[in-house]
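Residue-level listing of the chains:
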Amino acid sequence: MEVTRQNFKDTLKTVCSAIEEADFLAIDGEFSGISDGPNVSALTNGLDTPEQRYAKLKKHSMDFLLFQFGLCTFKYDQEKSKYIIKPFNFYVFPKPFNRTSPDLKFICQSSSIDFLASQGFDFNKVFCNGIPYLNQDEEVQLREQSEERRNQQANGVGTPSFISPSSKGPAHVPEEHKDFINRVIGKVEALLTNSEKTLDLEPCTGFQRKLIYQTLNWKFSKGLHVETVETEKKERYIQVIKVDDEERKRREQQKREREQEELNDAVGFSRVIHAISKSGKLVVGHNMLLDVMHTIHQFYCPLPEDLQDFKEVTMCVFPRLLDTKLMASTQPFKEMITNTSLAELEKQVKEAPFKSPQVETAEGFHSYDTAQEQLHEAGYDAYITGLCFISMANYLGSFLTPPKAYISAHSKVVEPFFNKLFLMRIIDIPYLNLTGPDLQPKRDHVLFVTFPKEWKTSDLYQLFSAFGNIQVSWLDDTSAFVSLSQTDQVQIAVNTSRYAESYRIQTYAEYIKGKQQDKEKLGQTPKSWGEDGWLKPHYTSASTAATFGYHKGLRKRSISPAEGEQGGDAPITDGWSQYSFPDATGSKKMKLDDKSGHAEAIESKTSEGWLKTGDAPDPAGSSPPPEDEGSPEGNDAEGTVPWQQAPAVHGRKGQKKKQQKPKGPEPTTSLFEVPEVW
């Protein structure tokens, strides 16, 4: 169902009813752009921390506009054994409520607008008929202003919308406006003596309208109702109506009620988000971090500076979230799903071993046809996101004892995926954990390198040519992370660069410490670094600053480990095998605790067991998450992150490293809980 400003009020009750009766909701958003930085890839450095990624998105993405919001509700019909869907496609635009309401400024990215235009996106519906909205602070401010104006008018202060006998003297009229005001007085006097009831004055300036209000308030203390009327072309004029005291009071009350109704209309689309939040239903999205950030930022409150505060706000707005891109990128799906972009995922979950869910569009709603692929219409994308979730969730039911063909959105089988949002192209942190601490991998093999802005990637490869395979992750024009393949080579590289003139090398720990020291110098409160933080005792601290100056005579050189110092074949890990990871032995069976498919435990049905919380080896190795459709170029490695399996060693594309088997105590948590290690 397409929803614009014209039919929003009539449709809102239907939307809220669909949300309330749904088993789960799927959402999607379309934006006016992604990044206001030099390039989109600047948002997705492979070695970002969750805090850094959040800060980048907040800084470079929130000035764009979410102007189309897709919502699809899914309710399972037990009798028909199929889902009943109700899709909605909202066009959203921040039309100012009045002259004192927020006049939002936003930016557009030409590539995003061009792409949406190529997909048939109707921008006229956004800008001409988009549903307005206010966030909570804006709504409170406008309601307070409205109340203050009413109080001022009741006390005879301010500019009234009706005539009252409270004025104590004539208004001062500048000389150049006296003829205009005298003509208005003449017209009003004529109105009082003839049979007409209404007088529409010609459009005029705001200052002239103020003079008219003040003059009529003084000269005609009774018998008139005066108010400003706005035409469809935004022209404002004053309407004067003959009334008695009872009629004047009635019109005054009507105007107050109309103002409240207009204010409720101005809250607009935010009421849909409030309904979603109030329902507490599971909200499903695909690669949904930006969708969540924009939704909170536009319709609730400005995003907080701190990541932990963002997590808390998100859990207040959306108590249960599930990201299908993360779900498809983990076990048991990662071996079967080769491309996790939404369009490709929708195609793959139609094929064996998956089964396409049976769905039926509710009466009165537009029926989507996946064969026509209406991609990048938010309502359609929300619809196929929900289909992907159902297919993958039902596939998990095949592992139950006995197997179940239908898995509800409330089942414990899907709980491990709750409140974890996919993080694009971070090598060793696949998701943002909204309800707990994020993964904190060791990055002992990572170096922070600063160099002249003339350098290119080839210069870094030349510099580290003696250290074998490396991976370069650019930060800006003069700095980058370089990941080595051997941990014991890190200090050698740092020592070799100690006397270099044109570049400088630090360990990752030194880089993090330098960033913290910079924050302290700026007077910011430093974060506390506990035992599980990234500044652990095993890191070597250094007093070297994070940035360096360069000699005028820039020279490029290669650095090599001294003979006899280079280590043997000890591989560098990507930090996964250095997590504390529980070991599990034995097989556990599942006992169904109700008819909805809730479960307590499960028996592994594979040799290595995707549901095993132990350290089953990953023969394929682990590598960065695959690129999503339309995303910037980043790491060239393909693959996904395993779920509830021991981490694999990360190297360059095509390399496979031996996995170090971690040891740990027998886990005491439920088999379906995501362990500390992904």
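Located above this text is the structure these notes cover.
All of the points below concern the structure found in this document. Note that this is a predicted model, so its numbers are computed, not measured. (Residues numbered from 1 in each chain as written. Predicted model: local features only at pLDDT ≥ 70, side-chain atom pairs only at ≥ 80, totals over all residues. Heavy atoms only, no water.)

## Observations regarding the sheet that holds strand E7 (residues 236-242)
Then comes step 1: The three strands lie next to each other as E5-E7-E6, forming an open sheet whose pairing is antiparallel. Because the sheet does not close on itself, it has two edges, and the strands there are strand E5 (198-200) and strand E6 (224-230). Each strand axis lies, on average, 20° off the axis of its neighbour in the sheet, ignoring direction.
Then comes step 2: Summarising the sheet, E6 and E7 pair through seven bridges and their orientation is antiparallel. Paired with Leu224 across the two strands is Lys242, which belongs to E7. (Pairing = 2+ DSSP bridges. Helix = DSSP H or I, 4+ residues; strand = E, 2+ residues; numbered from the N terminus. Axes fitted to C-alpha atoms, helices over the stretch in contact; angles between N-to-C directions.)

## Some details on the packing of aromatic side chains
Then comes step 1: Applying the stated rule across the entire model yields 36 aromatic pairs.
Then comes step 2: Between Tyr91 and Phe121 the ring centres are 6.1 Å apart and the planes differ by 55°, which places this aromatic pair in the tilted class. In this pair, Tyr91 is assigned in strand E4 (residues 82-91) and Phe121 in the loop between helix H3 (110-118) and helix H4 (123-129), connecting sequence segments 30 residues apart. In this structure, Tyr91 and Phe121 share a single accessibility class: buried.
Then comes step 3: For the pair Phe451 and Trp474, a centre-to-centre distance of 5.3 Å together with 85° between the ring planes defines the contact as edge-to-face. Of this pair, Phe451 sits in the loop between strand E13 (446-450) and helix H15 (457-463) while Trp474 sits in strand E14 (residues 471-476); the two residues are 23 residues apart in sequence, bridging distant segments of the chain.
Then comes step 4: Taking the relative accessible area as the measure of exposure, Trp474 reaches 30% and is therefore partly exposed.
Then comes step 5: Among the aromatic residues, those joined into a ring-pair cluster are Phe69, Phe88, Phe90, Tyr133, Phe269, Phe299 and Phe365.
Then comes step 6: Here the guanidinium or amino end of Lys325 rests over the ring plane of Phe422, the centre of that ring lying 5.2 Å away. (Phe/Tyr/Trp six-rings, centres within 6.5 Å; stacked < 30°, edge-to-face > 60°. Buried < 20%, exposed > 50% of the residue type's maximum accessible area, 1.4 Å probe, protein only. Lys NZ or Arg CZ within 6 Å of the ring centre and 35° of its normal.)

## Some thoughts on the side chain of Ser473
Then comes step 1: One can find Ser473 in strand E14.
Then comes step 2: Discounting residues that sit within four places of it in the chain, Ser473 has contacts with Asn45, Gly46, Leu47, Ala480 and Phe481. (Contact = heavy atoms within 4.5 Å.)

## Brief notes about helix H9 (residues 270-279)
Then comes step 1: Counting buried positions along H9 yields seven of ten residues, so the element is predominantly enclosed.
Then comes step 2: The positive-phi residue at the C-terminal boundary of H9 is Gly280, with phi of around 70°.

## Quick notes on the pairing of E14
Then comes step 1: Direction of pairing for E14 relative to strand E15 (residues 479-483): antiparallel, over a ladder of five bridges. Its bridge partner being in E15, Ser473 is matched across the sheet by Phe481.
Then comes step 2: Where E14 folds back on E15, the antiparallel hairpin that results is connected by two residues.

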